[in-house]
Structures are given as structure tokens and as C-alpha cells.
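# Coordinate analysis (summary)
Residue strings, one per chain:
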Amino acid sequence: MKIAMVGSGYVGLVSGACFADFGHDVVCIDKDQSKIDRLNDGVMPIYEPGLGALVGGNVKAGRLSFTTDLAEGIRGASAIFIAVGTPSRRGDGHADLSFVHTVAREIGEHLSNDAVVVTKSTVPVGTGDEVERILADSGTQHRFAVVSNPEFLREGAAIGDFKRPDRIVIGAEDEFGRQIMQQVYRPLFLNESPILFTSRRSAEIIKYAANAFLATKITFINEIADLCEKVGGDVQDVARGIGLDGRIGKKFLHAGPGYGGSCFPKDTLALLKTAEDHESPLRIVEAVSKVNDSRKRAMGRKVVEALGGSDAARGKRVAMLGLTFKPNTDDMRDSPAIAIAQTLDDAGISVSAFDPEGMELARPLMPEVEMVGDPYAAIEGADAIVIVTEWDAFRALDLDRVKALAKAPVLVDLRNIYKAHEMRSAGFAYTSIGRP
Ligand SMILES: NC(=O)c1ccc[n+]([C@@H]2O[C@H](COP(=O)([O-])OP(=O)(O)OC[C@H]3O[C@@H](n4cnc5c(N)ncnc54)[C@H](O)[C@@H]3O)[C@@H](O)[C@H]2O)c1
């Protein structure tokens, strides 16, 4: 089957490459000429483990190609996926659907055969209806169906998640849409990945409800961590103690500096706007979003405290280890590192930072931060070290070297990757999240 993927970012490129690997004939389309040029030159525009080999292998096998020409790219495709961005709209936090609508108009204009148009972008409930209206208004004579197929992959583990998903959600309103989607996902169907067919609106809601729930779980354990700090508990023991309860589950109970990334912050906000528009308040999600927002700057203040308070901290230098919102990605969107660095800058503290993959994208977002080539260069002469992202490279730092290079052995571990007693017996003034 021929598949067209419009939008070749984190989701479009991974999904396109995986569909090609399943044996489909895939064209990835993007309006960004430089991205398509790089892909055609075999250079990955994003960092995602295993992606280069997957793309390279499928291009070589003749199943995957890249173009900026949408009309050419969708010709003959039975399924046309929309995987463009849906960022927060400036000013009001609604999902900005302009990219989705533009692509829908272009598809309507150039459709040259019967096809299913599939929204993979995360879009508010009712967007499928609007895409359908846009296609109908284009006057196309070809048969089409609009299906919602939200994506649940995690950056950093995207290929594994796409190929072995917990579930595939397909929101379709007619048999034509359902049948084509069954063919698209047939290889996974054979793999026994659960496929859930729902109405289009339910599928759209499932994606936001899933992200809001996960954001809630993270925020819940973060607040429990704050309580542990005040009353002398250990949040890791508490997380284990509650997570072993099958009704609760162990995942997403790691206390940290607050959630970031390309999905949770904007998706919780967009869901709140939908709820507001329909006068159906989601008070829990409202609280989650507010608590998480204020947490990021609070983490900056935690570092100031570790330096002895605002007077003592002014003029000092902090080494920041990790900038991306999580390891194994270069994605900097809404990373807590941005707000933490701003808070430190506001407090008169200079920052030098290292991240294995995120520095290129971080530079324009954090102009006040000096980026250096390795963790030890950041640590040299620093008055405190802050671990912001739990990259493997930071899990086994040479502690003697760290102590020799740093001006003071102050370590703020916002990911709880070290053991408190070990760090203290190694001579560090060690602070972490929700642990004594
Ligand atoms: N990143 C994730 O982990 C993730 C996971 C699940 C769902 N999602 C959702 O998937 C969608 C895409 O996210 P992403 O992270 O891949 O975004 P991205 O910004 O990495 O990629 C979007 C791509 O779309 C392209 N584009 C925009 N308008 C276009 C047009 N008119 N024609 C062709 N290409 C166009 C952009 O140039 C860009 O390359 C979003 O709705 C997001 O919420 C993302």
C-alpha cells in the first residue's frame, strides 16, 4: 500500500520510516526544504536512537522517499497522514490548528484518487469534522474518509513504541476508513498489538485524556516529593510503595523538576481550552498545569538555596548537566532547563551547560547560558552542579575529578540518579528531590 506522511518531524518521520519497514511504500512530505534536503542526503534532522539506520535501510530498499511536493507525494496514496505540529496558539493556549487546516486544504486541492485522510497530529475534539468540511469544500470528486489515529510514541524510544505499541487507536466513522486503516496496521495486527476502533471524536479525546492523566501522575508524585522534604520521608520509597499496587502502577512516579517536552504542557493547556469552550471544567487538569508551571522556577530557587540563599548566590556560577526535557532526544520544547536557567540568571548566577544532544536547539532558547563541550568543562570552576536531565552519561561521573574541578562540591540532583548517603560520604553537599 502507498502511504503519504505530510509533516516529517519527530512523529511523521518515525511513523513513515516504521510503516516503510513494515513493507509499505511511503513518501514523507515536508514544506521545510532544508529538512527534505538533509533527509535526501542521508542526514537525520532530529536525534532519535536507531532512526538513521531505519531510514537508511528503507530508502535503500526503495520503500521510503522524501519530497516537498505534496501533489506528487500524495499521488496514488491510499492513506494520507497529517503529522504536522499543533503548538499552543500564541496568547490563548488553544491548539494552533493552522498547519493542519493548511494541509487539509492542500490535500483537497491535489487529491487524485480515493483515499483516507488520517489525522496523526494531536488535535482537539471536532478537528476531524473540520478537516472533513475542508476536504468537502475543495470540491474533490474522489471518495475520501477522515480518520483520527493519535500517536502515543515517546521520543527517545520512538521506534520501539511505534513497532510495539500498547495499543493503536483508530477513530473512524465509516467502513471505508476502517478497512484502509486495518490494511495500514495489518503487520501490527498480526503482532497482536491491540487495535481499538472508536468514533472519531472518542479517538481525539483519548489522546488528550491520556496525556492529561500522565501529566497528573507526574505532578502528583512531585507534590508528594515536596511533602516528603518537609516531613522527612523518601519519595522513592513512597513511589515504590504505592506503585506496586496494580491499580496505581509503577510508571510515571519519578519525582523531578516538572514535566516538559513537546506534548504534555501544550496538550494539557489545549484540553483546558476545549473544556472551557464547552463549559465542562477539568479542575484537576487545571491544577496540574498550574502546579507544573510554578515547579520549574521553584527548581531554580532550590539551586539558589543550595548556594546559601540569594545574597550568597549572586555572582556565583552553576554547571548545568542536561538541557533536554528527557534523555535520548534533542527536543528542547518546554524543557524545565529553560525556566531553571532563567531563574538562575534572574538571581545573578551565571550558567555553563552541557547536553549530549540538545545544545544546538537549546542555544537560541537560552542565550544567557554558556554551552561547553563536555560535562567536566561545565563543572570546572563551578560553585554548584545541577543535574537537570538523567542522561546515562551523568550517572557515572568521575566523582574525584568532579570534586577537583568544581570550586565547591555542591550537587543538586533534580532526577535522583545518585544515592544521597554515597554522595555525602564522598564529600558532596548533596540535595535531591523528596529525599532526606
Ligand atoms: N513529538 C512527540 O513525541 C509526539 C508524540 C505524539 C504526538 N505528537 C503530535 O504529533 C504532531 C507532530 O509533532 P512533532 O513533534 O512531530 O512536530 P515537529 O514540529 O517535529 O514536525 C512537524 C513538521 O511538520 C512540517 N509542516 C508544517 N506545515 C506543513 C505543511 N503545510 N506541509 C508539509 N509539512 C508541514 C514542519 O516543517 C515540521 O517538519 C503534533 O500534533 C504533536 O502534538 C508528538
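Residues numbered from 1 in each chain as written. Predicted model: local features only at pLDDT ≥ 70, side-chain atom pairs only at ≥ 80, totals over all residues. Heavy atoms only, no water.

With an unreviewed UniProt entry as reference, the chain is termed UDP-glucose 6-dehydrogenase, source organism Novosphingobium resinovorum. Per UniProt, the chain carries the Pathway (unreviewed entry) text "Nucleotide-sugar biosynthesis; UDP-alpha-D-glucuronate biosynthesis; UDP-alpha-D-glucuronate from UDP-alpha-D-glucose: step 1/1." You can read under Catalytic activity (unreviewed entry) in the UniProt record for the chain the words "UDP-alpha-D-glucose + 2 NAD(+) + H2O = UDP-alpha-D-glucuronate + 2 NADH + 3 H(+)". (UniProt positions renumbered as here; feature names shortened; annotations may be inferred.)

## A closer look at the UniProt feature "active site" (unreviewed entry) in the chain
UniProt feature "active site" (unreviewed entry): in the numbering of this structure it lies at Cys 263. Checked against the element boundaries, Cys 263 lands in the loop between helix H11 (235-243) and helix H12 (264-277). By relative accessible area, Cys 263 is classed as partly exposed at 29%. (Helix = DSSP H or I, 4+ residues; strand = E, 2+ residues; numbered from the N terminus. Buried < 20%, exposed > 50% of the residue type's maximum accessible area, 1.4 Å probe, protein only.)

## Quick word on the site of the ligand
In the vicinity of the ligand, 26 residues are found, and the nearest of them are Asp 30, Lys 35, Thr 86, Glu 155 and Lys 266. One of the backbone N or O atoms of Val 11 is found 2.8 Å from an oxygen atom in the ligand. Separating a nitrogen atom of the ligand from a side-chain N or O atom of Glu 155 is a distance of 2.7 Å. About the coverage of the ligand: the protein hides 90% of its 840 Å² of free accessible area. The element that contributes the greatest number of residues to the shell around the ligand is helix H5 (residues 98-110), accounting for 3 residues. Here the residues of the shell around the ligand sort into 9 nonpolar, 7 polar and 10 charged. (Near = heavy atom within 4 Å. Polar contact = N/O pair within 3.5 Å; in protein donor to acceptor, adjacent residues only side chain to side chain. Areas by Shrake-Rupley, 256 points an atom, 1.4 Å probe, with all protein chains shown as cover. Nonpolar A, V, L, I, M, F, W, Y, C, P; charged D, E, K, R; others polar.)

## Structural notes on the side chain of Thr 219
Along the polypeptide, Thr 219 turns up in helix H10 (residues 200-231). If near-sequence neighbours (up to four positions away) are discounted, Thr 219 is found in contact with Tyr 259, Val 288, Val 291 and Asn 292. (Contact = heavy atoms within 4.5 Å.)

## A word on the domain arrangement of the chain
The domain architecture assigned to the chain consists of domain 1 (2-198) and domain 2 (239-431). A separation of 33 Å is found between the C-alpha centroids of domain 1 and domain 2. At the interface, 18 residues of domain 1 touch 18 residues of domain 2. Together domain 1 and domain 2 conceal approximately 1400 Å² of surface at their shared face, both sides included; 51% is due to carbon and sulfur atoms. Put simply, domain 1 and domain 2 have 1 salt bridge between them. There are 7 residue pairs in polar contact (both at pLDDT 80 or more) connecting domain 1 and domain 2. Per-class residue counts for the side of domain 1 that touches domain 2 are 8 nonpolar, 6 polar and 4 charged. (Domains from an automatic or database assignment. Buried area = accessible area lost by both parts, 1.4 Å probe. Salt bridge = Lys/Arg side-chain N within 4 Å of Asp/Glu carboxyl O.)

## Description of the packing of aromatic side chains
Counted according to the given criterion, the structure contains 8 aromatic pairs. Residues Phe 19 and Phe 81 carry aromatic rings whose centres are separated by 5.3 Å and whose planes lie at 40 degrees to one another, so their mutual orientation is tilted. Of the two residues, Phe 19 is situated in helix H1 (residues 10-21) and Phe 81 in strand E4 (residues 79-82); the sequence distance between them amounts to 62 residues. Residue classification places Phe 81 among the buried positions, given a relative accessible area of 0%. Ring plane angle 90 degrees and centroid distance 5.1 Å describe the contact between Phe 19 and Phe 162, whose orientation is recorded as edge-to-face. Linking Phe 19 in helix H1 with Phe 162 in helix H7 (residues 158-163), this pair joins segments that are 143 residues apart in sequence. Both residues of the pair, Phe 19 and Phe 162, count as buried. (Phe/Tyr/Trp six-rings, centres within 6.5 Å; stacked < 30°, edge-to-face > 60°.)

## Some remarks on the pattern of salt bridges
Taken as a whole and judged by the stated rule, the model has 21 salt bridges. Between Arg 178 and Glu 175 there is a salt bridge, with the nearest N and O atoms lying 3.1 Å from each other. Of this pair, Arg 178 and Glu 175 both sit in helix H8 (residues 175-184), 3 residues apart, which is roughly one turn of the helix. The exposure class of Glu 175 is partly exposed, given its relative accessible area of 43%. Glu 276 is the partner of Lys 273 in a salt bridge, and the nearest nitrogen-oxygen pair spans 3.8 Å. One end of the pair, Lys 273, and the other, Glu 276, are both in helix H12, 3 residues apart, so they sit about a helical turn from each other.

## Examining the UniProt feature "binding site: NAD(+)" (unreviewed entry) in the chain
As annotated by UniProt and renumbered to match this structure, "binding site: NAD(+)" (unreviewed entry) occupies Asp 30, Lys 35, Thr 86, Thr 122, Glu 155, Lys 266 and Arg 333. Maximum C-alpha separation among the annotated residues is 24.0 Å over a sequence range of 304 residues, too wide for a single clustered spot. Tracing the sequence through the fold places Glu 155 in the loop between strand E6 (144-148) and H7. Not counting residues up to four positions away in its chain, the partners in contact with Glu 155 are Tyr 10, Glu 48, Ser 262, Phe 325, Lys 326, Thr 329, Asp 331 and Arg 333. With respect to the element layout, Lys 266 can be found in helix H12.

## With respect to the pairing of E6
Counting buried positions along E6 gives 4 out of 5 residues, so the element sits mostly inside the fold. In the sheet, strand E5 (residues 115-119) pairs with E6 via 5 bridges, with the strands oriented parallel. Looking at the pairing, Val 118 lines up with Val 147 of E6. Note that the unit made of E5, helix H6 (residues 127-137) and E6 has a crossover that is right-handed. (Pairing = 2+ DSSP bridges. Right-handed = clockwise from strand over helix to strand, strands pointing away.)

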